[in-house]
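# What the coordinates show
Here is what each chain is made of, one letter per residue.
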2 protein chains.
Amino acid sequence: MQNLKLPFTKETVEKIVEKYPTPFHIYDEAAIRKNARAFSAAFSWVPGGFRNHFAVKALPNPYILEILAEEGMGTDCSSLPELLLSEAAGITGEEIMFSSNDTPAEEFVKARELGAIINLDDISHIDYLEKHAGLPEMLSVRYNPGRLKGGNAIIGVPEEAKYGFTREQVIDAYSILKARGVRRFGLHTMVASNELNSDYFVETAAILFDLASEAAKKAGVHIELINLGGGVGIPYKPEDRPVDIPYVSQGIEKLYETKIRPSGLHPVRVIMECGRVITGPYGYLVARVRHKKETYKTFVGLDASMANLMRPAMYGAHHHITVLGKEDAPVDHVYDVTGSLCENNDKFAIDRKLPEIEVGDLVVIHNTGAHGHAMGFNYNGKLRSAELLLRPDGSVKLIRRAETAKDYFATLDYPGLG
Amino acid sequence: MQNLKLPFTKETVEKIVEKYPTPFHIYDEAAIRKNARAFSAAFSWVPGGFRNHFAVKALPNPYILEILAEEGMGTDCSSLPELLLSEAAGITGEEIMFSSNDTPAEEFVKARELGAIINLDDISHIDYLEKHAGLPEMLSVRYNPGRLKGGNAIIGVPEEAKYGFTREQVIDAYSILKARGVRRFGLHTMVASNELNSDYFVETAAILFDLASEAAKKAGVHIELINLGGGVGIPYKPEDRPVDIPYVSQGIEKLYETKIRPSGLHPVRVIMECGRVITGPYGYLVARVRHKKETYKTFVGLDASMANLMRPAMYGAHHHITVLGKEDAPVDHVYDVTGSLCENNDKFAIDRKLPEIEVGDLVVIHNTGAHGHAMGFNYNGKLRSAELLLRPDGSVKLIRRAETAKDYFATLDYPGLG
């Protein structure tokens, strides 16, 4: 019997589905607020100020961004629609970090208009930004440590990654930017995705703190902002342990004292751009069992599919599953839990031990609060589901409606459709 | 110097982009028609009649379906939106094969309304279909050969696949359906995806022909339709060889003579449900080089992304790339060809040998006529591109407009968006 605590009971969900049919993602507002507050509080020691810029791509819903802004978070945007979402949610200026790669001109223009902190991905983007949007007074630069930093399972080895500047390019860039009138500087790296090793983040800070001191000295600039990136993982698997945020923070604080304070850079703003660890564990995909099938294995078919959650099919990712109302039942059956998409890897779980499942059961797939709904596709004509917010008072608010066939046909101009 | 023939020159494309900016998918109508005709012609020997039911999920555009219908093809649908697309394109009745899995009631209802050939995926669907939509006079059954048939790289081993009935279930199903008044029967299997071994398809026919004879005898029913499925691959890689369709057809004809004709099932309709091999090689993703970047490697950044083509990132798939106007230039540079999505695996090619590329070059990614646009997602706020049709007279027709930020926000009800 392995179960994670849910913020709702079967009875609550049965009431919700009367109004909002399955499948849907539901986010636990109280838990998100509490978690966001604790995350920021862990870094309250930062002398120049700390802010987490929530990675919008993890959960690009303006209602969620609004909640996170109320808890002191900004946004990390990397496309025009993400900038527009941030703006609509009232998050503008230096509350936005714009870290794009292979960036189109119109995105730089919009980022400038919003006063976002632009984080350049390549040295060639200096000319490109200047030409298309002009250089702002403040600019950040994304560092790719190459072989200096070992790889991470999802993001791969840094020297193969398309992101960022080499060490020499970082220093050159500051010199060039200074000569062109930029006065305020930031430094950023992002070398992990869904990483659970707490030390990884402390090591990353050490690399960035060292480079910041060196680059500031060599280029003769003042670095006022250090962005340690995101990539903090969450425990998807039963044996996973969460990253110890207070431990990470203390490790970084020690490095700050030994590396930043003596370097002349103090007080520096330290920021992060975590998405997954902020909302991931507090989102749930709720689906109903539509079919049960016995052939060479036993398959449980849900009314959800890869359109709602891509991670198991795309990465072989594990997501915990609870069968509502059977939280205390013996886990003595083995199922492939599938979606309806006409692709054999549309499975939420393979050979998963679960309580006995019947058609009609409500099933909760855990940890879908980040990179869940956001990654859904319309392959095979499958439609993306609604998103609901479970409010602290227990009420439920629709924060994104489900797609309809009309949405699916919206880009077609053809008689009889739409 | 490795190049595949293109149906357009750099000059043609420079004219097209004046009206339709990159990126876009463009489909070669003349080549699709010619290929579809040749495919059907290869099976003209089938005594009961042959039809390929184009797998709509490969390229769900009604303009393409209309063209294929003019060339004698039907559709293979597996979702409600696909049924609606087929209907809009004028393809109805038994021109539609409805092969869904984990099927919702409303899809069976719509399939019945259209008079589609319903292909049941599981024995439990007999009761489900009868309850929700009633049993039609004609039904097909999907067979999963389990260990009888070896695996295929994409679709996996059959006994792990969520699809179809066991052998015993097929025979039981026919008996049950007969008792409930069904009079006409079909048999189907689909055990491959993107398979290039021509013999694989002949072997599949042997398995199905044997089972059809056995099941017809044991259940006392007449099987009038055998659907050999699809899964015929295309040569994505330079060293790949296409499936030899005439060879496959001749192999199946021989089996027909030895297995079907003496069994009493003659004349049987033989159908297939190929998508990829029909349109795949005749679609191209055209993009422009936006950035070029030198760090630990050389990266070429396009104005396209995984939103337009997911296969390289999802499957590590190879897609040939042509740099327009440099078809005859020496292939003496090595690039990672990337998209702009904030995900490191958003690369169209890794360590690819290509001619020297400059910013502004037009790049053609080949073989995107199937499972290309259809699989695009909106992750990271990336928008899906337009689809163009290159007509036999050289004119170009917009058959799907590009998405806008407004489309991306369509399911949100939030001030300032939409």
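## So, the sheet that holds strand β2 (residues 50-55) of chain A
Residue and element names in this part refer to chain A. Spatial strand order, β2-β3-β4-β5-β6-β7-β8-β9: eight strands in a closed barrel with parallel pairing. Going across the sheet, the axis of each strand differs from the next one's by a mean of 25°, ignoring polarity. Pairing analysis gives three bridges linking strand β5 (residues 117-120) to strand β6 (residues 138-143), with the strands arranged parallel. Note on β6: the bridge partner recorded for L120 is V141.

## Concerning the relation of the copies chain B and chain A
It takes a turn of 180° to lay chain B on chain A, together with a shift of 0.0 Å along the axis; the resulting RMSD is 0.0 Å. What the superposition gives is, in effect, a two-fold axis relating one chain to the other. Across chain B, the rotation axis passes nearest the C-alpha of F377 of chain B, at a separation of 2.3 Å. The residues that chain B uses at the interface reappear at the interface of chain A in 100% of cases, marking a shared surface.

## Things to note about the packing of helix α8 (residues 198-219) of chain B against helix α9 (residues 245-260) of chain B
Angle between the axes and distance between the axes: these two values describe a pair of packed helices. All names here are of chain B. Remark: α8 packs on α9, axes separated minimally by 9 Å, with the N-to-C direction vectors making an angle of 20°. With respect to their mutual orientation, α8 and α9 come out roughly parallel. As for how α8 packs across α9, the hand of that crossing is right-handed. Mapping the contact onto sequence places S198, D199, F201, V202, A205, A206, F209, D210 and S213 in α8 and Y247, V248, G251, I252, L255, Y256, K259 and I260 in α9. Of the residues that constitute the contact of α8 with α9, the class distribution is 11 nonpolar, three polar and three charged.

## Observations regarding the interface of chain B and chain A
In this complex, chain B contributes 90 residues to the contact, which on the side of chain A involves 90 residues. In this structure, K162 of chain A and D346 of chain B form a salt bridge, with 3.8 Å as the shortest nitrogen-oxygen distance. Across the side of chain B that touches chain A, the residue classes break down as 39 nonpolar, 25 polar and 26 charged.

## Re the packing of aromatic side chains
Centre-to-centre distance and the angle between the planes together describe a pair of aromatic rings. For the coordinates displayed, the defined rule picks out 26 aromatic pairs over all chains. Here F377 of chain A and Y379 of chain A contribute two aromatic rings whose centre-to-centre distance is 5.5 Å and whose plane-to-plane angle is 55°, an arrangement assigned as tilted. Grouping residues by exposure puts F377 of chain A and Y379 of chain A together as buried. Relative to Y63 of chain B, the ring of Y414 of chain A lies with its centre 4.8 Å away and its plane at 90°, an arrangement referred to as edge-to-face. Residue Y414 of chain A is located in the segment after α12 (405-408), and its partner Y63 of chain B is located in helix α3 (residues 62-70); the two belong to separate chains. What makes Y63 of chain B buried here is its relative accessible area of 15%. Through a chain of ring-to-ring contacts, the aromatic side chains of F39, F43 and F50 of chain A assemble into a single cluster. Looking at R142 of chain B, its charged tip hangs above the ring of Y163 of chain B, at a distance of 4.1 Å from the centre. The ring of Y236 of chain B is capped by R311 of chain B, whose NZ or CZ atom sits 4.2 Å from the centre of that ring.

## Some points on the sheet that holds strand β9 (residues 269-272) of chain B
Residues and elements named next belong to chain B. An order of β2-β3-β4-β5-β6-β7-β8-β9 is seen for the eight strands of this closed barrel, with the pairing classed as parallel. When the angles between neighbouring strand axes are averaged without regard to direction, this sheet yields 25°. The pairing of strand β2 (residues 50-55) with strand β3 (residues 74-77) spans three bridges and is parallel. Directly across from H53, in β3, lies its bridge partner G74. Packing against the sheet, helix α4 (residues 80-88) makes contact with β3 and β4 (96-98), and its axis sits at approximately 165° to β3.

## Things to note about the domain arrangement of chain A
Accessible area lost upon the coming together of the parts is a frequently used measure of interface size. All names here are of chain A. Domain boundaries assigned for chain A yield domain 1 (29-279) and domain 2 (280-408). At the interface, 24 residues of domain 1 touch 22 residues of domain 2. Between domain 1 and domain 2 the total buried area reaches about 1,900 Å² when both faces are included, carbon and sulfur atoms providing 59% of it. In terms of surface lost to domain 2, no three residues of domain 1 exceed E29, Y63 and Y236, which account for 31% of the buried area on that side. The interface formed by domain 1 and domain 2 contains one salt bridge. Its salt-bridge partner being E29, residue R391 comes within 3.2 Å of it at the nearest N-O pair. At the junction of domain 1 and domain 2, the tally comes to nine residue pairs in polar contact (both at pLDDT 80 or more). Broken down by secondary-structure element, the contributors of at least two residues to the side of domain 1 that touches domain 2 are α2 (29-42), α3 (62-70) and α10 (276-279).

## Observations regarding the side chain of N367 of chain B
All names here are of chain B. Relative to the helices and strands, N367 resides in the loop between β15 (362-365) and β16 (386-390). What makes N367 buried here is its relative accessible area of 5%. Beyond its immediate sequence surroundings of up to four residues, N367 is in contact with I234, P235, Y236, G280, P281, G283 and H319.

## Some thoughts on the pairing of β6 of chain A
All names here are of chain A. Burial analysis of β6 places six of its six residues in the buried class, which makes it a mostly covered element. Of the two faces of β6, the one holding M138, S140 and R142 and the one holding L139, V141 and Y143 are both buried throughout. Regarding the hand of the β-α-β motif, the stretch spanning β5, helix α6 (residues 125-132) and β6 is right-handed. In this structure, β6 lies alongside strand β7 (residues 184-189), joined through six bridges in parallel fashion. Within β7, the residue paired with V141 across the bridge is L187.

## Notes on the nonpolar core
One recurring pattern in soluble globular proteins is that nonpolar side chains are buried together. Among the nonpolar cores identified, the biggest contains 94 residues, and F39, F43, Y174 and I223 of chain A are the most heavily contacted of them. It is helix α8 (residues 198-219) of chain A that contributes the most residues to this core, 13 residues altogether. I32, I245, L265 and L389 of chain B belong to the second largest nonpolar core, which has 92 residues in total.

## Section: the environment of G372 of chain B
All names here are of chain B. Here G372 shows up in the loop between β15 and β16. Sequence separation between G372 and A405 is 33 residues; the distance between their C-alpha atoms is 21 Å. What G372 contacts, discounting residues up to four positions off in sequence, is H25, A58, N308 and L309.

## Some remarks on the pattern of salt bridges
Taken as a whole and assessed by the stated rule, the structure comprises 66 salt bridges over all chains. Put simply, E358 of chain A and K326 of chain A hold a salt bridge, and the shortest N to O gap is 2.7 Å. Taken together, the residues span a long stretch of sequence, with E358 of chain A in the loop between β14 (347-354) and β15 (362-365) and K326 of chain A in the loop between β12 (321-323) and β13 (333-338) at a distance of 32 residues. The class of K326 of chain A is buried, set by a relative accessible area of 15%. When the shortest N-O distance is used, the salt bridge between R180 of chain B and D127 of chain B registers 2.8 Å. Placement of R180 of chain B in the loop between α7 (167-179) and β7 (184-189) and of D127 of chain B in helix α6 (residues 125-133) is noted, with a sequence separation of 53 residues between them. One network of salt bridges, in which partners are shared, links E29, R33, R37, E70, E71 and R391 of chain A.

Rules used throughout
- Residues numbered from 1 in each chain as written.
- Chains lettered and ligands numbered in written order.
- Predicted model: local features only at pLDDT ≥ 70, side-chain atom pairs only at ≥ 80, totals over all residues.
- Heavy atoms only, no water.
- Pairing = 2+ DSSP bridges.
- Helix = DSSP H or I, 4+ residues; strand = E, 2+ residues; numbered from the N terminus.
- Axes fitted to C-alpha atoms, helices over the stretch in contact; angles between N-to-C directions.
- Least-squares fit on C-alpha atoms with pLDDT ≥ 70 in both.
- Contact = heavy atoms within 4.5 Å.
- Parallel < 35°, antiparallel > 145°, perpendicular 65-115°, else oblique.
- Left-handed = near helix turned anticlockwise from the far one by under 90°.
- Nonpolar A, V, L, I, M, F, W, Y, C, P; charged D, E, K, R; others polar.
- Salt bridge = Lys/Arg side-chain N within 4 Å of Asp/Glu carboxyl O.
- Phe/Tyr/Trp six-rings, centres within 6.5 Å; stacked < 30°, edge-to-face > 60°.
- Buried < 20%, exposed > 50% of the residue type's maximum accessible area, 1.4 Å probe, protein only.
- Lys NZ or Arg CZ within 6 Å of the ring centre and 35° of its normal.
- Domains from an automatic or database assignment.
- Buried area = accessible area lost by both parts, 1.4 Å probe.
- Polar contact = N/O pair within 3.5 Å; in protein donor to acceptor, adjacent residues only side chain to side chain.
- Right-handed = clockwise from strand over helix to strand, strands pointing away.
- Core = buried A, V, L, I, M, F, W, Y, C linked by side-chain atoms within 4.5 Å.

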